[in-house]
Amino acid sequence: MPLTRRDFLKSSGGAALAASAGLWAPRTAHAQLTLGDMRLDVLSDGSLRLPGSFVFGTMPQDELGPILEAYDQSPELLTPPCNVTLLRSGDRNILFDVGSGPDFAPTAGLLLDSLDALGLAPEDITDVAFTHGHPDHLWGLLDEFDDPLFTEASYLIGKTEWDYWIDPNTVDNISSDRVPFAVGAKRRLEAIEDKIEFFKNGEEILPGVAARASFGHTPGHMAFEIRSGSQAAMVVGDAIGNDHVALARPAWISGSDQDGETGAASRISLLDQIATEQMPLIGFHINQGGIGRVEKANEGYRFIAEI
């Protein structure tokens, strides 16, 4: 039987080699939050390595430099974490996104190890809700045989997002550097076509979980408001893509957003709600464990980690 990447990382030698190569082989969830009888665990799927221009290239460079320096962020290289949220409520184990799997980035695809650290296997997941169809959120859907990995799960996605990625014309209309995104998303979503449910903005998609439209990063990107009584948290996906420039200058156009102006409007709206209600946010690419609050600061907001 061939040694899988997961088996390799779980071995002591593999873990040591992975660590020396800059990969993190997780052993526990690295942040937790309790809302009433709900528990949220932020699990690592590893991290990415992206050129700074991918996000910063559209921004006013003379103003950008001092902000990046204040946050000790390189303008040339981004190494964002990939934070997958697990909600445990009653007999449900709900994942928000499924990470990269083994085919997108060598430093990502570690979600199964993080689940294993909590004593959970893929078949223990009851529901998967997608924020959007980008590779680091969707490509962990299938196993090495191209079958759905989470065999017992129901799948949920916003109808606008589904329509965009399943459309055979998307591959011709998307920017050339994102053609693999479109090809990969369509193939994976087609594999769960008979098991997926669609939702729209404002709908309660699962008990205590409501969809929150946050279009722009992708045409149908969704955040999720999770509520138990008077307590709530917001899973923001990539609508708030980092804890530095996205907060300090939320109105700036991000190069990572497919529709920059709509993405900025969504970001501002989410941040206003989260700050006003002092609601914890959980961000897929937010540092310091991924969970925190935001407060108004100068021309934008400041992230305050809760770990």
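Residues numbered from 1 in each chain as written. Predicted model: local features only at pLDDT ≥ 70, side-chain atom pairs only at ≥ 80, totals over all residues. Heavy atoms only, no water.

(A) Structural detail: the overall build of the protein chain. The number of helices and strands found in the protein chain is eleven helices and 16 strands. Relative to its full complement of 307 residues, the protein chain shows a buried share of 55%. Contacts in the protein chain between residues far apart in sequence, at least 24 positions, make up 68% of those at least 6 positions apart. Total accessible area on the protein chain is roughly 13000 Å²; 51% of this is exposed by carbon and sulfur atoms. Positive and negative side-chain charges in the protein chain, numbering 22 and 45 respectively, have mean positions lying 3 Å apart. (Helix = DSSP H or I, 4+ residues; strand = E, 2+ residues; numbered from the N terminus. Buried < 20%, exposed > 50% of the residue type's maximum accessible area, 1.4 Å probe, protein only. Contact = heavy atoms within 4.5 Å. Areas by Shrake-Rupley, 256 points an atom, 1.4 Å probe, with all protein chains shown as cover. Lys, Arg positive; Asp, Glu negative; His and termini not counted. Charge placed at Lys NZ, Arg CZ, Asp CG, Glu CD.)

(B) Broad picture of the sheet that holds strand β9 (residues 196-199). Strand order across the open sheet formed by seven strands is β1-β2-β5-β6-β7-β8-β9, with mixed pairing between neighbours. Taken across any chain shown, the strands that pair with only one partner, and hence form the sheet edges, are β1 (31-35) and β9. Along the sheet, successive strands turn relative to each other by an average axial angle of 25°, direction set aside. Summarising the sheet, strand β5 (residues 81-89) and strand β6 (residues 92-96) pair through five bridges and their orientation is antiparallel. Opposite S89, over in β6, you have R92 as the bridge partner. Contacts between helix α7 (residues 159-166) and the sheet are confined to β8 (154-158) and β9, with β8 contributing the most and set at about 90° to the helix. (Pairing = 2+ DSSP bridges. Axes fitted to C-alpha atoms, helices over the stretch in contact; angles between N-to-C directions.)

(C) Broad picture of the sheet that holds strand β11 (residues 209-213). What the seven strands build is an open sheet, ordered β10-β11-β12-β13-β14-β15-β16; its pairing is mixed. Each edge of the open sheet carries a strand with a single partner, namely β10 (204-206) and β16 (300-305). Taking each pair of neighbouring strands and ignoring which way they run, the sheet shows an average axis angle of 35°. Bridge analysis of β11 against strand β12 (residues 222-228) gives five bridges, and the strand direction is antiparallel. Bridge pairing links A211 to F224 in β12.

(D) View of the nonpolar core. Of all hydrophobic cores here, the largest spans 36 residues; its most connected members are L95, L115, F130, F150 and Y155. When residues of this core are traced back to their parent elements, those giving at least two are β5, α5 (111-117), β8, α7 and α9 (179-191). Formed by 24 residues, the second largest nonpolar core is a distinct cluster that contains F96, L206, F224 and I282. (Core = buried A, V, L, I, M, F, W, Y, C linked by side-chain atoms within 4.5 Å.)

(E) Highlighting the pairing of strand β15 (residues 291-297). Bridging between strand β14 (residues 281-283) and β15 involves two bridges; their strand directions are antiparallel. Among the inter-strand pairings, I282 is bridged to a residue of β15, identified as I291. Inspection of the sheet shows β15 paired to β16 by six bridges, in the antiparallel sense. Across the sheet, the residue bridging to G292 is A305, located in β16.

Shape descriptors only; they carry no functional weight alone.
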